[in-house]
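# Summary of the model geometry
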Amino acid sequence: MEPGRLEKFPSPGRGSGLRALKRARPGELLSRAEPFACTVTKQRLGGVCERCLRRNERLLRCSQCKIARYCDTRCQKEAWQEHKQECKCLKSIEPNFPPDSVRLVGRIVFKLLGQSAACPSEKLYSFSDLQSNIEELSEEMKEGLRHLAQTLQLYLRVEIQDAFQLLPAIDIFQIFAKVTCNCFTISNGEMQDVGVGLYPSMSLLNHSCDPNCVIVFEGRQLLLRSVREIQIGEELTITYIESLMPSSERQKHLKRQYCFECNCLLCQTQEKDVDMLAGEEKAWKEIKDAVTKVGDPRSQEEWEQVLAMCQALLNNNADSLPDTNIYLLKLLDCAMDACINLRRWGEALLYGKRTLKPYRLYYSSFHPLRAVQLMRVGKLQHTQDMFPQALKTLKQAYNIMKVTHGADHSLVQDLMKLKEQCEAGM
Ligand SMILES: [Zn+2]
Ligand SMILES: [Zn+2]
Ligand SMILES: [Zn+2]
């Protein structure tokens with residue numbers, strides 16, 4: 001973290017916050033943070049390196065647990081400190097595998113037991129400073145956390161006989177509560193979720209549905225970047241939740257997981273709700289249900305089923321819903337994903353192009369998701385030798401990405417290569 005760039009301050013009505021000590025223009029890197037603890041998600045297990053979280057087809061397997069995988073011996077060596085105790089635990093509960101939050105809390109417990117000095121990630125705010133909001137959690141949430149604490153107990157048993165006896169120094173239930181409201185989802189350059197992690201100093205960032213900063217990741221490193229002009233003393237904000245939700249749903253999510261009500265301008269004016277829910281209610285409700293049920297298709301057959309479902313719904317609702325309806329938009333995205341997985345490039349491009357206008361509406365100014373969507377469409381145009389069109393789309397992606405990701409981000413490097421290929425093809 002650059003010294004003297006950010007500071008903790010009491011944010012009125014929101015506990016602590018983070019504010020800028022210097023002016024910033026859009027696209028400045030305000031902080032680069034290593035995690036206090038992190039882990040790859042269960043879903044990506046075996047597909048990405050456990051140390052650097054990069055995608056890799058050929059990964060080395062940990063010879064002891066045969067679960068953890070790494071790019072090479074260097075990544076494996078670097079990961080050993082955080083893996084060595086967990087390695088025995090993973091092996092002991094096979095063929096079961098812990099939920100992500102349990103694996104993460106396991107790593108936190110080992111770290112707290114072994115830790116002597118503060119971690120650099122705790123420079124502005126330490127793990128012990130993190131809010132747990134226990135008093136405000138619903139009974140249902142508390143019950144869920146108690147259940148996770150029991151799962152952790154079983155998982156850690158080979159290394160720690162009675163995790164609950166670690167009290168009062170280490171309060172397992174409280175750690176789960178802290179993880180619930182402070183955990184960051186780590187995404188790769190394409191904004192797909194690959195891991196979960198804690199970055200305590202970055203937990204000072206408060207939420208806005210219309211924030212002045214964004215977070216992107218490079219491997220396991222968190223990058224905090226400005227997307228607006230920021231004045232000295234101005235509070236820095238990020239979005240905690242997905243943006244494609246009407247205000248009432250955003251409020252519900254924020255209340256449930258983070259225990260507060262958002263009073264940002266977008267929530268007060270409910271400005272985009274009309275566009276988000278435009279069209280026949282009966283039609284979008286059906287689509288909302290269908291999209292929620294898609295899950296995680298893997299095989300060709302599963303993707304074909306998903307595509308057939310999308311095609312049928314798109315045909316049936318061609319006249320009743322505009323593309324800006326957020327559920328129709330999600331359906332278009334889903335159809336595009338399915339086509340890409342089935343290598344049906346032409347059809348993927350048709351769906352992809354339809355998403356661009358609504359993306360511009362909802363992810364206005366600089367948003368990493370819009371940049372990535374433009375890049376995906378550009379790639380599809382490139383695949384089909386539509387070089388001038390591809391180049392135009394990729395340039396638009398670049399103009400956003402240099403702000404949201406920064407020119408030295410690996411994804412921007414990939415984008416530059418793609419641009420060069422288009423120029424060579426013309
Ligand atoms: Zn292992
Ligand atoms: Zn690696
Ligand atoms: Zn809001």
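These numbers were taken from a predicted model, which means no experiment stands behind them.

Before going further, it helps to spend a moment on the overall build of the protein. Of the regular secondary structure elements, the protein holds 14 helices and 12 strands. On C-alpha atoms alone, the protein measures out to a radius of gyration of 22 Å, which is about the 22 Å that the 2.2 N^0.38 rule sets for 426 residues. For the C-alpha atoms alone, the extent of the protein along its principal axes is close to 60 × 50 × 45 Å. A fraction of 67% describes how many contacts in the protein between residues 6 or more apart in sequence connect residues 24 or more apart. If you sum the accessible surface of the protein, you get close to 20,700 Å²; carbon and sulfur atoms cover 49% of it. Each charge sign in the protein was given a centre, from 58 positive and 53 negative side chains, and these centres are 4 Å apart.

So, on to the coordination of the zinc ion (ligand 1). For the zinc ion (ligand 1), the protein coordination sphere consists of C62 (SG), C65 (SG), H83 (NE2) and C87 (SG), at 2.1 to 2.4 Å. Each of the 4 donor atoms bound to the zinc ion (ligand 1) contributes to angles spanning 104 to 116 degrees, and the resulting shape is tetrahedral. All donor residues of the zinc ion (ligand 1) come from one chain, and their arrangement in sequence is C-x2-C-x17-H-x3-C. Of this pair, C65 sits in the loop between β5 (60-61) and β6 (69-70) while H83 sits in helix α1 (residues 73-92), and the two are 18 residues apart along the sequence.

Okay, the pattern of salt bridges next. Tallied over the entire structure, the rule returns 29 salt bridges. Here R25 makes a salt bridge to E28, at a shortest N to O gap of 3.7 Å. For E28, a relative accessible area of 17% gives the class buried. Between E249 and K288 there is a salt bridge, with the nearest N and O atoms lying 3.3 Å from each other. Taken as a pair, E249 in helix α5 (residues 247-258) and K288 in helix α8 (residues 281-292) lie far apart in primary sequence, 39 residues in all. Look at E249 and you get buried, because its relative accessible area is 17%.

Let us now look at the packing of aromatic side chains. Using the criterion set out here, one finds 7 aromatic pairs in the structure. For the pair W284 and Y327, a centre-to-centre distance of 5.4 Å together with 25 degrees between the ring planes defines the contact as stacked. Of this pair, W284 sits in helix α8 while Y327 is found in helix α10 (residues 326-341), placing the two residues 43 residues apart along the sequence. Residues W284 and Y327 agree in their burial class; the two are buried. Where Y359 meets Y363, the ring centres are 5.2 Å apart and the plane angle is 45 degrees; that geometry is what we call tilted. Positioned over the ring face of F36 is K111, at 4.7 Å from the centre of the ring. Between K419 and the ring centre of Y398, over which it is positioned, the NZ or CZ distance is 4.8 Å.

Calculation criteria
Residues numbered from 1 in each chain as written. Chains lettered and ligands numbered in written order. Predicted model: local features only at pLDDT ≥ 70, side-chain atom pairs only at ≥ 80, totals over all residues. Heavy atoms only, no water. Helix = DSSP H or I, 4+ residues; strand = E, 2+ residues; numbered from the N terminus. Rg over C-alpha atoms; globule rule 2.2 N^0.38 Å. Contact = heavy atoms within 4.5 Å. Areas by Shrake-Rupley, 256 points an atom, 1.4 Å probe, with all protein chains shown as cover. Lys, Arg positive; Asp, Glu negative; His and termini not counted. Charge placed at Lys NZ, Arg CZ, Asp CG, Glu CD. Donors = N, O, S within 2.8 Å, 3.2 Å for Na, K, Ca; no water. Tetrahedral: all angles 85-135°; square planar, octahedral: opposite > 155°, others 65-115°. Salt bridge = Lys/Arg side-chain N within 4 Å of Asp/Glu carboxyl O. Buried < 20%, exposed > 50% of the residue type's maximum accessible area, 1.4 Å probe, protein only. Phe/Tyr/Trp six-rings, centres within 6.5 Å; stacked < 30°, edge-to-face > 60°. Lys NZ or Arg CZ within 6 Å of the ring centre and 35° of its normal.

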